[in-house]
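As a plain string of letters, each chain reads:
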Number of protein chains: 2
Amino acid sequence: MKRDSRLSGVLHVLLHMAQQPGTFTSETLAKAMDTNPVVIRRIMAGLRDLGYVRSEKGHGGGWTLACDLTKVTLRDVYTALGSPSLLAMGNRTEAPGCLVEQAVNAALDQAFGDAQALLLSRFGEVTLAMLGDDLRKRLGSRKLQGMSAHGA
Amino acid sequence: MKRDSRLSGVLHVLLHMAQQPGTFTSETLAKAMDTNPVVIRRIMAGLRDLGYVRSEKGHGGGWTLACDLTKVTLRDVYTALGSPSLLAMGNRTEAPGCLVEQAVNAALDQAFGDAQALLLSRFGEVTLAMLGDDLRKRLGSRKLQGMSAHGA
DNA sequence: CCATCATGTAACATATAAAGTTGCATGAAA
DNA sequence: TTTCATGCAACTTTATATGTTACATGATGG
């Protein structure tokens, strides 16, 4: 399966925006992420609907942060993306008539459920502000070497 | 992403075989699983290479179990499949130059790593024999209703 | 009012990986 | 030597994330 990197992508966008106040166009963000503006709008749509960011059209328009970064967790962002499936593996058949399959599903579902719960729990423990703090640390040590955030 | 059901599938096959001694052709197993014989051979190849099952050609040939079901865990089976990726999500870019991306990756990798470790650990706790026991329980209660393993 | 800018969205194209299918080679048994 | 079964390569199909194009919508500045 192709790995889903939307969560990674949207966090990257949010963290970039958190680095300085103001509005950012999809094109600006897309360039920083080396992707297409439409992709930015796509992954941001859910966040807008939930009020974490705002978007405005026309001159001077673009995206702005509209939430308390200390309150929004990775889990909130994940939910805003529509809670895409976390696991690459699944049951061959859901609700099978075959008892053998039922036994297999029961065993796997147990493990899958635990892993999903753990992931969501971890996501819930990390706020965007924490990511920003970590980033500032990285920026600090990098600045000592005279390099920028995107530096080679 | 399309969900990988090979682990589910191969466990189904093994559990079917464990229900009665003897050899099973790929075609027989494929019919029970409602799939193609080549798919069976494909998902069984790794298990054969590791000695968990044997395959023989020609008249009377087919697949036979060749392991102690109390010793082989779901993790062993997973490994035999080639340890396919467990998570549906991943980082947008591995080893990025962008510090923002590095911060995002660090946070996600933590959660992803924990979830993977938990899954592997759970897999390691469940043997094929345990699956068989669970299946027998299910068969028992179903028999009281006059139904077979595949019965609708 | 209108030209410009930016988002919103649909539609289409591409990439990747699992699952299914076909064809044939290999080898064992009757 | 015919039949049966696996081994395997190559191809098709399907699903999904990602990328791209085109155009509608609406806001701003002239």
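Overview of the structure. Computed from a prediction, not measured in an experiment: that's the story for all the values here. Residues take numbers from 1 onward in each chain, read along the sequence in its written order. In the order they appear in the text, chains get letters beginning with A and ligands get numbers beginning with 1. With the structure being a predicted model, the display of local features is reserved for residues of pLDDT at least 70 and the display and counting of side-chain atom pairs for 80 or more, all residues being used for whole-chain, interface and lining totals. Side-chain numbers come from the whole structure's heavy atoms, not from hydrogens or water.

Moving on, we come to unusual backbone geometry. In most cases, non-glycine residues show a negative phi, while peptide bonds are predominantly trans. Even without being a glycine, Asp34 of chain A presents a positive backbone phi close to 55 degrees. Buried, partly exposed and exposed residues are distinguished by accessible area as a fraction of the type maximum, computed with a 1.4 Å probe on protein chains only: under 20%, between the cut-offs, and over 50%, respectively. Exposure remark for Asp34 of chain A: the relative accessible area of 71% places this residue in the exposed category. At Ser83 of chain B, a position not held by glycine, the phi torsion is positive, near 50 degrees. Under the DSSP-based scheme used, a helix requires at least four consecutive residues in state H or I and a strand at least two consecutive residues in state E, with every element numbered from the N terminus. Structurally, Ser83 of chain B can be placed in the loop between helix H4 (74-80) and helix H5 (99-125).

Only residues with pLDDT of at least 70 in both copies count here: their C-alpha atoms drive the least-squares fit that superposes the copies. Mapping chain B onto chain A calls for a rotation angle of 180 degrees and an axial translation of 0.0 Å; the resulting RMSD is 0.1 Å. Accordingly, the operation relating the two chain copies is best matched by a two-fold axis. The overlap is high: 100% of the interface residues of chain B also sit at the interface in chain A, so the same surface is used on both sides. By the convention used here, residues are in contact when the closest approach between their heavy atoms is within 4.5 Å.

Between chain B and chain A, the residue contacts involve 52 residues of the former and 52 residues of the latter. Buried area, as used here, totals the accessible surface that two parts lose on assembly, with accessibility defined by a 1.4 Å probe and the loss added over both. Between chain B and chain A the total buried area reaches about 4900 Å² when both faces are included, carbon and sulfur atoms providing 69% of it. Of all residues in chain B, Met89, Arg92 and Leu99 of chain B bury the most surface against chain A, accounting for 15% of the area lost on that side. Between Lys or Arg on one side and Asp or Glu on the other, a salt bridge is scored when a side-chain nitrogen of the former is within 4 Å of a carboxyl oxygen of the latter. Scanning the region where chain B abuts chain A turns up 2 salt bridges. Two N or O atoms form a polar contact when they lie within 3.5 Å of each other; inside protein one atom must be a possible hydrogen donor and the other a possible acceptor, and for residues adjacent in sequence the pair counts only when both atoms belong to side chains. For the interface between chain B and chain A, the tally reads 20 residue pairs in polar contact (both at pLDDT 80 or more). Elements with a contribution of two residues or more to the side of chain B that touches chain A: helix H1 (6-18), H4, H5 and helix H6 (128-143) of chain B. Among the elements that make up the side of chain B that touches chain A, the one with the highest residue count is H5 of chain B (18 residues). Per-class residue counts for the side of chain B that touches chain A are 29 nonpolar, 13 polar and 10 charged. By the convention adopted, Pro, Cys, Tyr, Trp, Phe, Met, Ile, Leu, Val and Ala count as nonpolar, Lys, Arg, Asp and Glu as charged, and the other residues, Gly among them, as polar.

All names here are of chain B. To estimate how far a helix should reach, multiply one less than its number of residues by 1.5 Å. The end-to-end C-alpha distance of helix H3 (residues 37-49), which contains 13 residues, comes to 18 Å, matching closely the 18 Å that a straight helix rising 1.5 Å per residue would cover. Most pronounced at Ile43, the bend in H3 amounts to some 35 degrees. Turning to H3, its buried residues are Ile40, Ile43, Met44, Gly46 and Leu47. Buried positions along H3 lie against H1, helix H2 (26-33), strand S1 (53-56), strand S2 (62-65) and H4. The backbone nitrogen of Val38 lies 2.9 Å from a side-chain oxygen of the residue at the head of H3, namely Asn36. Once H3 ends, the next one or two residues include Gly51, with phi positive near 85 degrees. The angle between axes fitted to the seven residues ending at a residue and the seven residues starting there is what we call the bend at that residue.

Residue and element names in this part refer to chain A. Criterion used throughout: strands pair if DSSP finds at least two bridges between them. Pairing of strand S1 (residues 53-56) with strand S2 (residues 62-65), which is carried by 4 bridges, proceeds in the antiparallel orientation. In the sheet register, Ser55 faces S2, and the bridge partner there is Trp63. Here S1 hands over to S2 after 5 residues, with Gly58 in that stretch at a positive phi of 75 degrees.

Below, the discussion takes up the nonpolar core. Grouped together as the largest cluster of nonpolar side chains are 89 residues, with contacts concentrated most on Leu7, Met44 and Phe123 of chain A together with Leu7, Leu11, Met44 and Phe123 of chain B. Leaving out residues up to four positions away in the same chain, Met44 of chain B has contacts with Val10, Val13, Met17, Val53 and Trp63 of chain B. Take the buried residues of types Ala, Val, Leu, Ile, Met, Phe, Trp, Tyr and Cys, join any two whose side-chain atoms come within 4.5 Å, and each joined set is a nonpolar core.

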